[in-house]
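Observations on chain architecture
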Amino acid sequence: MRSIILRPLVIFAVMVLATIPLLWVNYSWANWQPASCLPNQCFCEALREGFIRQPINAYSSLAFVLAGWLMIAITRDDWRRGARNNLMQSQRAYPIIFGVASIVIGADSFFYHASLTFIGQWFDVMGMYLFASFGLVYGYARLRPIRPAMFLLAYAAMNAMLGYWLITNPDARRQVFTAMIYGIVALEALVLLVERPRITTRYFLGAILSLAVAYAIWTLDENRTLCDPTSWWQGHALWHALTAVAALLLYLYYRSETGKV
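The structure contained in this document is the topic of the report that follows.

Calculation notes
Residues numbered from 1 in each chain as written. Predicted model: local features only at pLDDT ≥ 70, side-chain atom pairs only at ≥ 80, totals over all residues. Heavy atoms only, no water. Helix = DSSP H or I, 4+ residues; strand = E, 2+ residues; numbered from the N terminus. Buried < 20%, exposed > 50% of the residue type's maximum accessible area, 1.4 Å probe, protein only. Contact = heavy atoms within 4.5 Å. Areas by Shrake-Rupley, 256 points an atom, 1.4 Å probe, with all protein chains shown as cover. Lys, Arg positive; Asp, Glu negative; His and termini not counted. Charge placed at Lys NZ, Arg CZ, Asp CG, Glu CD. Salt bridge = Lys/Arg side-chain N within 4 Å of Asp/Glu carboxyl O.

**Topic: the overall build of the protein chain**
Within the protein chain, the regular secondary structure consists of 10 helices and zero strands. For the protein chain, the N- to C-terminal ordering of α and β elements is α-α-α-α-α-α-α-α-α-α. By the burial criterion, 49% of the 261 residues in the protein chain qualify as buried. Long-range contacts, defined here as pairs at least 24 residues apart, represent 79% of the contacts in the protein chain between residues at least 6 apart. For the protein chain, the accessible area works out to roughly 13,400 Å², and carbon and sulfur atoms hold 67% of it. Within the protein chain, the 13 negative side-chain charges are centred at a point lying 13 Å from the centre of the 20 positive side-chain charges.

What follows is the structure, encoded as structure tokens:
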């Protein structure tokens, strides 16, 4: 396992180090359309001048990048060993989409917290949609098997609609994402009841727990109940870390399936 995770850790470290000089770049985002959270609702962290306006929230977003690279590394090892125990392992495109979606979330969220622009907000939320929509389509495919081409078509069509909706109704973005998460949980409960797979449920329960704790912290940060704008410890940064853990646990859960009881 140590050899599996070494490469993604090195890649991640290089990516983080490559962004460090951005902290000293003197750039103003004033000519860009501002995010809808401005001027006073962009989470607890104080805004600073320069290219990265919320450094703690921006860099904590990269936890998703690490999670994505770990998913891809584990997937590569599965291919090397010829593991074909479930849909996630038997279709090479699926774990790659899942891992890349996690990387995209991290990169988009970094850009959003660096710029606090409307386009950054759109990319940030679309990253979340890319990830959650995969869970919905994948859950359906485990109940009603579909061809990979249809899987990809459904996934692309869903995100095209979500992207358009996000432009026309940006204020509903959080409600839509919450509904998608409930949909994933409901589909998974249905899979467990109907298909009765051999699967490590503690990964799924861990993902739900991580997400629940993350949401509680996010709420405290959003409402300024637990807030120190100049602190290195930011509630929204903990949200990023815990939801990245939830994403990785969800991948491990899908990967752990080994047939029916």
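Picking up after the structure, the text goes on.
**Concerning the pattern of salt bridges**
Across all of its chains, the model carries seven salt bridges by this definition. Between Arg255 and Asp78 there is a salt bridge, with the nearest N and O atoms lying 2.7 Å from each other. Placement of Arg255 in helix H10 (residues 235-255) and of Asp78 in helix H3 (residues 63-81) is noted, with a sequence separation of 177 residues between them. Residues Glu257 and Arg142 are paired through a salt bridge, measuring 3.2 Å at the closest nitrogen-oxygen approach. Separated by 115 residues along the polypeptide, Glu257 in the segment after H10 and Arg142 in helix H6 (residues 118-143) bring together distant segments of the chain. We classify Glu257 as buried; its relative accessible area is 15%. Assessed through its relative accessible area of 9%, Arg142 is described here as buried. Salt bridges sharing common partners tie together Asp77, Asp78, Arg80, Arg81 and Arg255.

Remember that the coordinates give geometry; whether it matters functionally is a separate question.
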